[in-house]
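Structure at a glance
This is what each chain is made of:
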Amino acid sequence: MPENAVLTIATLPYTDQKPGTSGLRKRVPVFQQPHYLENFVQSIFDSISPPHGATLVLGGDGRHYNIEAIQIILRMAAANGFGRVLVGRSGILSTPAASCVIRKQGAFGGIILSASHNPGGPEGDFGIKYNTSNGGPAPEKITDSIFEMSRRITQYRIVDAPDVDLDTTGDRMLCGMRVSVIEPVSDYADLMESLFDFDAIRSLLAGGFDIRFDAMHAVTGPYAREIFVNRLKAPESSLMNCVPLPDFGKGHPDPNLTYAHDLVSILNGEHAPDFGAASDGDGDRNMILGRRFFVTPSDSLAILTANAKLVPGYRRGLKGVARSMPTSAAVDRVARELGIPCFETPTGWKFFGNLMDADKVTLCGEESFGTGSNHIREKDGLWAVLFWLNVIAVRKQSVEDIVREHWARFGRNVYSRHDYEAIPNDAANGVIAHLRAEFDNLAGKTFGSYEVERCDDFSYTDPVDGSTSTGQGLRLLFTDGSRIVFRLSGTGTEGATLRIYLEAYDPIVAHHHLDAQTALGDLISIAGEVTQLEARTGRKEPTVIT
Ligand code: VG1
Ligand code: CO
């Protein structure tokens, strides 16, 4: 490359926030400040020290600033000695597709541009995260190093070159580095076809099983069209909001009962389809609905585990399963019956990656609408939808019947999460500090029929690399196995979000018609009482209930 093409630009350190479970998330105008993105990207490159000529995968969920950021990162990759960058056409790669491409192409790593389920647009959120060669989110020692570097950085390297054409697939050169613009959907769709029985799903759909998939104007639109319409021959009317928009149509691309309201009302409506599903901004989350029926993500993980052998990719059984700590223990019961190990990890996908690389688990999931397997190292929205369709194609039952049979067999872990968003930081920290200080008073205390067995602050020692993560959520554990968990979100960009996770185990089939909020009524009041929530935050009701 011509030496004079590389510019070394002086800069001041100012990334003020440790990248959280999913990288660095900030408002778009923050990322648009001069040198802001560049500082962070150089800090990534300095932390990972890529060998000369290394391959990088690059793509994002198409939100506002995606393309501008990609052009900057390409110029910086060229100046930092990468030999090749694989970029999704028009800068598009869903998070699971990026993980798939990193693994399939043997790349050194990948940069994913997304703020996941957070809203987009000029005033919305943007985000950036680094994934390693296993296709999974960088472990804490890398994200800590990126943060440290970003506080010490004095200069970054970038080539002086025009924008690269990203709208057509094929190879082009950028100052000596090869930029390969790839079709964003095909590797991923092929992987799905290798795991699931597409013939069985095609006959299910041909037989009139009516589905709706809502891409929420986010990245899964083109993936869903290729998989459901082109390959599985579902009618075009199965797709909703499948044109990706930089501001997600001003929506909140978070597949839950609150934000996916259009889909929810169709599934609750008079001529409701048999099956509904939605995915988030970057395509790694999923929500599963039956006709007038919602499947909690915790139940979904347990049900997929119990039915895994019906699916070609998992026919030989599962090595083990894992769930994040706040996820309900429904899957634990299935694992016990199958005689396979079940791991409980802190929130965030990176903890699952180590277990999968060591071949200890096959399936894993989180209560936050994340489910996945060792086919990649990220959670995978469309994968979960296809898994459900495959199970339904074999069992020939409705979603509701499958869930109710599951509860009748294993008991029901009644579950709900209450989020209090945009609380002032001081108030949120106050709630947590107060609760931690109350631990000794709470142990042994009774609230109606509930008795607190113990309280703790969850910590996790990784069975593979021995690293310990502390402060992962406060738990109130009751003698009957019920739990309340409290933690602060690591992905918000405004104030603090307090999450309260409620779980009660109920083996009695006659109770299973109760809706979760009713069944959890006592635990909900206990949570309010022990945190002094209203007095400390002024909030009477959660912002979002899932
Ligand atoms: C949330 C979820 C967590 C998930 C994370 C990233 O984190 O609770 O389970 O792993 O988002 O998901 P937090 O810290 O806000 O609770 V995604 O779809 O943003 O990659
Ligand atoms: Co996401």
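Residues numbered from 1 in each chain as written. Chains lettered and ligands numbered in written order. Predicted model: local features only at pLDDT ≥ 70, side-chain atom pairs only at ≥ 80, totals over all residues. Heavy atoms only, no water.

Considering the sheet that holds strand E11 (residues 239–240)
Just so we agree on the cut-off: Should DSSP find at least two bridges between two strands, the strands are regarded as paired. Secondary structure follows DSSP: runs of H or I at least 4 residues long count as helices, runs of E at least 2 residues long count as strands, and numbering of each begins at the N terminus. Any pair of residues with heavy atoms lying within 4.5 Å of one another is described as a contacting pair. Throughout, an axis means a line fitted to C-alpha atoms (over the contacting stretch in the case of helices), and angles, computed between N-to-C directions, take values from 0 to 180 degrees.
Strand order in the open sheet made by the five strands is E11-E10-E12-E13-E14, with mixed pairing throughout. Both edges of this open sheet fall to E11 and strand E14 (293–295), since each of them pairs with a single strand only. Pairing analysis gives four bridges linking strand E10 (residues 211–214) to strand E12 (residues 275–279), with the strands arranged parallel. Residue pairing across strands places Asp-214 opposite Ala-278, the latter belonging to E12. Against the sheet, helix H9 (residues 261–268) contacts E10, E11, E12 and strand E13 (286–290), and its axis sits at roughly 15° relative to E13.

Section: the side chain of Ser-298
Here is the rule we go by: Nitrogen and oxygen atoms within 3.5 Å of one another constitute a polar contact, given that in protein one can donate a hydrogen and the other can accept it, and given that sequence-neighbouring residues count only through two side-chain atoms.
Here Ser-298 lies in helix H10 (residues 297–307). Polar side-chain contacts of Ser-298 include one of 3.1 Å to the backbone nitrogen of Ser-328. Not counting chain neighbours up to four residues away, the residues in contact with Ser-298 comprise Thr-327, Ser-328, Ala-330, Glu-367 and Tyr-415.

A closer look at the nonpolar core
Applicable threshold: What we call a nonpolar core is a set of buried Ala, Val, Leu, Ile, Met, Phe, Trp, Tyr and Cys residues that are connected through their side-chain atoms within 4.5 Å. Each residue is assigned to one of three classes by its accessible area relative to the maximum for its type, calculated with a 1.4 Å probe on protein chains only: buried under 20%, partly exposed between the two thresholds, exposed over 50%. Note: domain ranges come from an automatic or database domain assignment.
In this structure, Phe-228, Phe-275, Trp-383 and Trp-388 are the most contacted members of the largest nonpolar core, which totals 74 residues. With 11 residues, the single largest contributor to this core is helix H13 (residues 381–395). Counting contributing residues per domain, this core is built from domain 1 (5–184) and domain 2 (188–410), each supplying no fewer than three. The contact partners of Phe-228, leaving out residues within four places of it in the chain, are Ile-211, Phe-213, Lys-233, Ala-234, Leu-239, Leu-382, Val-385, Leu-386 and Leu-389. Residues Val-41, Leu-74, Leu-113 and Cys-175 belong to the second largest nonpolar core, which totals 47 residues.

Concerning the pairing of strand E21 (residues 450–457)
Two strands pair when backbone bridges link them, and strand E20 (residues 446–447) and E21 are joined in this way by two bridges, in the antiparallel orientation. Counted as the bridge partner of Thr-446 is Glu-451 from E21. As defined by bridge partners, E21 adjoins strand E24 (residues 474–478) across five bridges and the pair is classed as antiparallel. Considered in E24, the bridge of Asp-457 is made with Leu-474.

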